[in-house]
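The lines below spell out each chain.
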Amino acid sequence: MIIAMDGPAASGKGTLGRKLAEKFDLAYLDTGALYRAVGLGLKRAGHGPEDADRAAHAAKTLDPDLLNDPELRSEQVGHMASIIAANPVVRANLLAFQRDFARHPPSGKAGAVLDGRDIGTVVCLMRM
Ligand SMILES: Nc1ncnc2c1ncn2[C@@H]1O[C@H](COP(=O)(O)OP(=O)(O)O)[C@@H](O)[C@H]1O
Ligand SMILES: Nc1ccn([C@H]2C[C@H](O)[C@@H](COP(=O)(O)OP(=O)(O)O)O2)c(=O)n1
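How each quantity is defined
Residues numbered from 1 in each chain as written. Chains lettered and ligands numbered in written order. Predicted model: local features only at pLDDT ≥ 70, side-chain atom pairs only at ≥ 80, totals over all residues. Heavy atoms only, no water. UniProt positions renumbered as here; feature names shortened; annotations may be inferred. Helix = DSSP H or I, 4+ residues; strand = E, 2+ residues; numbered from the N terminus. Salt bridge = Lys/Arg side-chain N within 4 Å of Asp/Glu carboxyl O. Core = buried A, V, L, I, M, F, W, Y, C linked by side-chain atoms within 4.5 Å. Buried < 20%, exposed > 50% of the residue type's maximum accessible area, 1.4 Å probe, protein only. Contact = heavy atoms within 4.5 Å. Expected span 1.5 Å × (residues − 1). Arc of directions from axis to C-beta.

(A) Region of the structure containing the UniProt feature "domain: Cytidylate kinase" (unreviewed entry) in the chain. Per the UniProt annotation, the sites labelled "domain: Cytidylate kinase" (unreviewed entry) are residues 3–124. Within the segment residues 3–124, helix and strand shares are 54% and 11% respectively, and the terminal C-alpha atoms sit 9 Å apart.

Pasting the structure below:
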């Protein structure tokens with residue numbers, strides 16, 4: 001089972017998504033965190049979000065440790081994420097990560113909840 005949570009910023013995707021994942025024992029992925037993690041990785045390496053090639057590479061080789069970093073939620077990293085999210089190569093690279101998570105949820109879970117702005121429209125289409 002895959003549950004897609006679509007919606008704009010602060011519409012409650014994460015709150016509801018986490019609860020659904022807990023109730024049905026599913027894996028949960030906050031896809032906004034992926035874009036933020038790319039931003040944080042660039043920041044730590046001393047680069048800006050406009051560096052398209054570095055951002056694309058960081059999205060392909062995403063460091064999962066960054067997803068749990070407290071700085072992920074900072075305003076600066078959120079701003080970097082919004083610039084990075086406009087990069088089509090970054091989107092394509094993160095699409096692969098998201099689809100793999102949905103197809104093969106971690107920890108042997110039977111399904112996944114994905115939350116983000118394009119989950120039902122792009123990431124989790126019927127024939128993905
Ligand atoms: N059903 C709800 N009713 C009232 N407030 C809510 C509800 N769901 C979420 N919130 C609040 O709205 C804010 C944004 O929720 P969040 O789940 O972070 O949204 P998103 O993941 O879509 O950005 C949070 O402060 C959260 O506590
Ligand atoms: N599936 C997604 C998730 C987030 N993004 C973008 C939107 C934002 O600019 C950044 C960071 O997203 P953020 O963590 O703030 O997520 P939300 O605002 O809760 O949707 O990534 C996206 O383009 N596609």
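After that view, the rundown keeps rolling.
(B) Representation of the pattern of salt bridges. Considering all chains together, one arrives at 7 salt bridges under this definition. In this structure, the salt-bridge partner of Lys43 is Glu71, at a minimum N-O distance of 2.4 Å. Of the two residues, Lys43 sits in helix H2 (residues 31–44) while Glu71 sits in the loop between helix H3 (52–60) and helix H4 (75–84), which places them 28 residues apart along the sequence. Salt bridges linked by common partners bring Lys43, Arg44, Asp69 and Glu71 together as one network.

(C) Spatial organisation of the nonpolar core. Core analysis: the largest hydrophobic core is formed by 29 residues, its most contacted members being Val38, Val90, Leu94 and Leu114. Put simply, the parts of the chain that give this core at least two residues each are strand E2 (27–30), H2, H3, H4, helix H5 (88–103), strand E3 (112–116) and helix H6 (119–123). When residues of this core are assigned to their parent elements, the largest contribution, 7 residues, is made by H2. Not counting chain neighbours up to four residues away, the residues in contact with Val38 comprise Ala55, Ala58, Ala59, Leu62, Ile84 and Leu94. Core analysis: the next-biggest nonpolar cluster, separate from the first, contains 5 residues, Ile3, Met5, Ala21 and Leu26 among them.

(D) Up close: helix H1 (residues 13–24). Between its first and last C-alpha, H1 extends 16 Å over 12 residues, near the 16 Å set by a 1.5 Å rise per residue. Regarding H1, the residues found buried are Lys13, Gly14, Gly17 and Ala21. Taken down its axis, H1 places every buried residue within 85° of arc, on the same side. Seen from the buried face of H1, the exposed residues on the opposite side, beyond 90 degrees, are Thr15, Lys19, Glu22 and Lys23. In this structure, the buried side of H1 is in contact with strand E1 (2–6), E2 and E3. Just downstream of H1, Asp25 is the residue with a positive phi angle, here 55°.

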